[in-house]
Amino acid sequence: MVVFGMDLGPHWAFIVWAYGLAAAVIATLVAWVVLDHKAQLKTLAELEAQGLRRRSRRNTNRDGQTP
């Protein structure tokens, strides 16, 4: 079989399936990361709406102590 001007030989089906599977796995991982990021942002917004703040946003003195 010839794909994009390349002769893949007798193992063309394996090569095509391997690339397809790799592409599907990468696409799934990217989608998972994007969806998890949105879920984490939603959770963070809900916590901040309840009045909880991140420690990095607390007001601190020069010595690092909270007033």
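Predicted, not measured: the structure shown is a model, and the values here were computed from it.

Caption draft 1: Representation of the overall build of the protein. When its secondary structure is counted, the protein shows 1 helix and 2 strands. Starting at the N terminus and ending at the C terminus, the protein contains elements arranged as β-β-α. Counting only residues that meet the buried cut, the protein has 3% of its 67 residues in that class. With an accessible surface of roughly 6,500 Å², the protein has 64% of that area assigned to carbon and sulfur atoms.

Caption draft 2: Looking closely at helix H1 (residues 12-49). The end-to-end C-alpha distance of H1 is 55 Å, a good match for the 56 Å that 38 residues give at a rise of 1.5 Å each. In the stretch just after H1, Gly 51 is the one whose phi turns positive, near 100°.

Caption draft 3: Inspection of a nonpolar patch on the surface at higher detail. Among the surface-exposed residues, Leu 21, Val 25, Leu 29 and Trp 32 lie close enough to one another that they form a single nonpolar patch of about 440 Å² accessible area. By the secondary structure assignment, Trp 32 is in helix H1. Given a relative accessible area of 59%, Trp 32 falls into the exposed group.

Caption draft 4: Highlighting the confidence of the model for the protein. Looking at the protein, the pLDDT average stands at 84 and 78% of residues meet or exceed 70. Ranking the elements of the protein by mean pLDDT puts strand S1 (residues 2-3) last with 68 and H1 first with 95.

Procedures and definitions
Residues numbered from 1 in each chain as written. Predicted model: local features only at pLDDT ≥ 70, side-chain atom pairs only at ≥ 80, totals over all residues. Heavy atoms only, no water. Helix = DSSP H or I, 4+ residues; strand = E, 2+ residues; numbered from the N terminus. Buried < 20%, exposed > 50% of the residue type's maximum accessible area, 1.4 Å probe, protein only. Areas by Shrake-Rupley, 256 points an atom, 1.4 Å probe, with all protein chains shown as cover. Expected span 1.5 Å × (residues − 1). Patch = residues over 30% accessible without salt bridge, like charges linked within 9 Å, V, L, I, M, F, W, Y side chains within 5 Å. Salt bridge = Lys/Arg side-chain N within 4 Å of Asp/Glu carboxyl O. pLDDT = per-residue confidence, 0-100.

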